[in-house]
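If you want the building blocks of each chain, they are given just below.
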Amino acid sequence: MRLELVKRPQQSTLFSAISPLIALCLTLVVGAIVFALLGENPFEALYYYFVDPLRELWSLHELAIKAAPLIIIAVGLSVCYLSNNWNIGAEGQFIMGGIFGSMLPVLFPTFQGPLVLPLMLLMGLIGGAAYAAIPAILKTRFNTNEILTSLMLVYVAQFFLDWLVRGPWRNPEGNNFPETRRFHPDAVLPELFPADGRANLGIVFAIVAAIVVWLLVSRTLKGFEVRVLGASPRAGRFAGFGTTKMVFFAFMLSGALAGLAGISEVSGAIGQLRPTISPGYGFAAIIVAFLGRLNPLGIIAAGFVLALTYLGGEAAQISIGVSDKVARVFQGMLLFFVLGCDTLIHYRIRLVRAAPKADAAVVAKAAEPATEGA
Amino acid sequence: MVFVQSSAETAGRDLLEVRGLTKIFGTLKACDGVDLTIAKGEIHALLGENGAGKSTLVKMLFGSLEPNDGVISWNGEPVTIASPSVAKKLGIGMVFQHFSLFEALTAAENIALSLQADTPLSTISAKARALSYSYGLPLDPEALVGDLSVGERQRIEIIRCLLQTPDLIILDEPTSVLTPQEADKLFETLERLRAEGKSILYISHRLDEVRRLCDRATIMRHGKVVGHCDPRRETPSSLARMMVGSEVKNAERPPSATSGDEILGICGLSRKPAGPFSMPLKNIWLSVRAGEVLGIAGVAGNGQSEFFEAVSGEARQEAGDAVRIRGQQAGRLGISARRLLGAAFVPEERLGHGAAPRMKLSENLLLSRHKTDRRAFIGAGGFVKSGAIQSAAQRIIKAMDVRKSAPDPEAAALSGGNLQKFIIGRELDRQPALMVVNQPTWGVDAGAAARIRQALIELARSGSAVLVISQDLDELFEMSDAIAVMHNGELSKPIPIAEATLEKIGLLMGGAEPGHAHVSAETADAS
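Residues numbered from 1 in each chain as written. Chains lettered and ligands numbered in written order. Predicted model: local features only at pLDDT ≥ 70, side-chain atom pairs only at ≥ 80, totals over all residues. Heavy atoms only, no water.

All right, on to the environment of Glu182(B) then. For Glu182(B), the location among the structural elements is in helix α6 (residues 180-195). Look past the residues within four positions of Glu182(B) in its chain and what remains in contact with it is Ser149(B), Gly151(B) and Glu152(B). (Helix = DSSP H or I, 4+ residues; strand = E, 2+ residues; numbered from the N terminus. Contact = heavy atoms within 4.5 Å.)

Structure below.
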């Protein structure tokens, strides 16, 4: 007996809707098994992981703080992935956005006033876009693989930030700690409801970005161009759409949004530059993008799910003492199952009983790829 | 035309005998009761136009396709060839037109992949080397495939096939990728194999090769065997006539106004090959006038797709005047700018080129018309006016009688003929001054094909210029005011329809006459 994948004549609408949910369930089941193997009560562990963080208001604020950068980055990445450009370096663009945006409060702390914050956000957008333009240039000029170049540039950005905060940008009054001076109040992203918790404008940026990009992709000619070039590049060229331009558009849009997330995080949740400003948001956002089926509105929901794994990781560490690296395990499993379940959209699973003799020939034929070339 | 009921039949026992072999795809009979016998030690040609059913027949002989009906006998015994490995065990080897080799591996490694896994590589290398020299096909087994020429790659395929000591070797269009010198070398090898008593089934549409090499020929048309003959006793023109068929419907075509202005001018267009299997274009001159349908005939792969890309602007030219549309230099313009000059294009591939498969028909409407109808379809801020594109799509669907299952289905959900009607209708809806169509009715059912041809003729009669590239000669004779032939990247002088005969066109298609390299724009519009 064996399993066979049979191609569906048309993609299944049912499964394109529920495949993220199946993936989520599978992640929880395997997660429970992992906890059991660690010697914890799986139900208790899952409770602390996924339910406990939702019980208090301040904790929901934390959830919004974590979800905001994930959503902003993932929304940009969805445009990239829809157009068949594989930007894996959002983490680096996030850091560069943070660095560019921090220039004003770090280097010119005396320049204050209501203009500071908008300028910082603008600089963050530019920094991220410029950094994302590098893999775009390399791809269009030298035909390099953007997956590799964008990924490698993440490490460059991380070390650049590390050098900045230990060297030239270190706080002169900071007792040699590797961090910049704290931002003055004009350079800090305002909190939404300071009475209840820390959630700041970042989550508003996230929702607005998601809605704007959703309109762009689904309702405008530019969005049509993105989808055509991604799904049928030759039809895109027939339409007269430029592939090179699209590579730059997709990379720089997603870079700009990652940069915006970076400066929002630095000026909002952190308030200064440190050697590490992201717990892997740029990578987790890839999972968010796919969990949201590359649809900006779906990404809002997916962003909160991933944010919960971060919060749950911290909560579970405190309450039951498992490593917070378990959060990474959950994120990895989620991506694994999301991509796996997507198979169900195009294929259905068929159970085949032990092949009778007559079928042996069919098997032999399938095992004959070298001669099927014509 | 002399029909010889196989002079070789008396020479030896039949190695392969096929009776009534039939293969049905949906409603299309790709092979319809095909009979074929191949004797030991003969080179047997299988002749026919593209789509005649040659490949389907061969795939059934090699076990890649299962016949719906008919008997295959091997050495007098009826056999079922369920898979290529069964075919190999019987002693049938095949060399495909497009190779299946890994470029990053050596020749010997590629050969090893298709043999038993336990044979050591050094043994394979030695065998391959010995075999290659004994057949006059020098080959270095250690060479990386990526570094080899197309002819050398084909040698690997042939050696790989010979290592399995087959009795019957099937060669699918072997010379279509070879230079004349490489082809000569191949013929010597094939003649040597015949001398050793091996049988060869040689698929080709090149008449001179077949006449030179083959002992017998079986000619197929529209899925049926239409004749057997001894190619050495035929002339290229008699072979061509058998291949394309002699009965041509007289189309109801009102006389054309030949005095129209030139709409499309191609002046000395050349293009380097873009890839290993693409054809260079050599100094093409052409002029298409208002009110005229100009047909371009030719066997597939002789530069038609490359020519289409150059005319459409998907591939731009260095010289602005290489392509002129309504008197304007368009050579350096992209496809959108050429559309703005009044041109419309329909490529050969429907799904993935002319239409995006997973997009709705209304969205596919935007594909070719987002620039030309910007005002109608695109609103402020780049927002698509979905009401406007939907009503335009419905208008086209109605005008072209596109049959569909949903109000606005995905392009991939339509049958080939209905999608083609939509794609043609999408361009006709603009009333273009110039329409360039590549294979307008390829794989389209007869009803839809007639509808499409009629629409294109009507467009020309309303004062537009129409350029039709097609492999279907019946279609070209039905529609065109003049026919030019593309062969080997060159375009012949257009022959006015009154003077065109199947024989003339067939000869040009087979390359029997050298191409007219330099036809000036003045003589090109002799029609």
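Turning our attention to the domain arrangement of chain A. Residues and elements named next belong to chain A. Per the domain assignment, the segments making up chain A are domain 1 (1-40 + 341-351) and domain 2 (62-321). Its C-alpha centre places domain 1 at a distance of 30 Å from the equivalent point of domain 2. Taken together, the contact between domain 1 and domain 2 spans 7 residues of the former and 4 residues of the latter. Interface area for domain 1 against domain 2, summed over the two sides, is near 500 Å², with a carbon-plus-sulfur share of 61%. Its largest share of buried area at the contact with domain 2, domain 1 owes to Pro20, Leu24 and Glu40, together 59% of the area lost on that side. (Domains from an automatic or database assignment. Buried area = accessible area lost by both parts, 1.4 Å probe.)

Residues and elements named next belong to chain B. What the domain assignment reports for chain B is domain 1 (1-91 + 199-246), domain 2 (254-342 + 434-527) and domain 3 (351-431). Tallying the contact residues gives 17 residues for domain 2 and 17 residues for domain 3. Seen at the junction of domain 2 and domain 3, the total is 0 salt bridges. Across the domain 2-domain 3 interface, the total number found is 4 residue pairs in polar contact (both at pLDDT 80 or more). Of all the secondary-structure elements, those providing two or more residues to the side of domain 2 that touches domain 3 are α10 (335-340), β17 (434-438) and α15 (446-461). Here the residues of the side of domain 2 that touches domain 3 are counted per class, giving 9 nonpolar, 4 polar and 4 charged. (Salt bridge = Lys/Arg side-chain N within 4 Å of Asp/Glu carboxyl O. Polar contact = N/O pair within 3.5 Å; in protein donor to acceptor, adjacent residues only side chain to side chain. Nonpolar A, V, L, I, M, F, W, Y, C, P; charged D, E, K, R; others polar.)

All names here are of chain B. If you trace the 6 strands from one edge of the open sheet to the other, you get β6-β7-β8-β3-β9-β10, paired in mixed fashion. Strands with a single pairing partner mark the edges of an open sheet, and in this sheet they are β6 (92-95) and β10 (224-229). Taking the axes of each pair of neighbouring strands and ignoring which way they run, one obtains an average angle of 20° across the sheet. Relative to strand β7 (residues 168-172), β6 runs parallel, the two being bridged by 4 bridges. From the neighbouring strand, Met94 faces β7, where its bridge partner is Ile170. (Pairing = 2+ DSSP bridges. Axes fitted to C-alpha atoms, helices over the stretch in contact; angles between N-to-C directions.)

So, about the pairing of strand β19 (residues 482-487) of chain B. All names here are of chain B. Most of β19 is tucked away: 5 of the 6 residues are buried. Here strand β13 (residues 293-297) runs beside β19; their pairing, made up of 4 bridges, is parallel. For Gly295, the partnering residue across the bridge sits in β19 and is Ile483. Where β19 and strand β21 (residues 495-496) come together, 2 bridges link them in antiparallel fashion. Opposite Ile483, over in β21, you have Ile495 as the bridge partner. (Buried < 20%, exposed > 50% of the residue type's maximum accessible area, 1.4 Å probe, protein only.)

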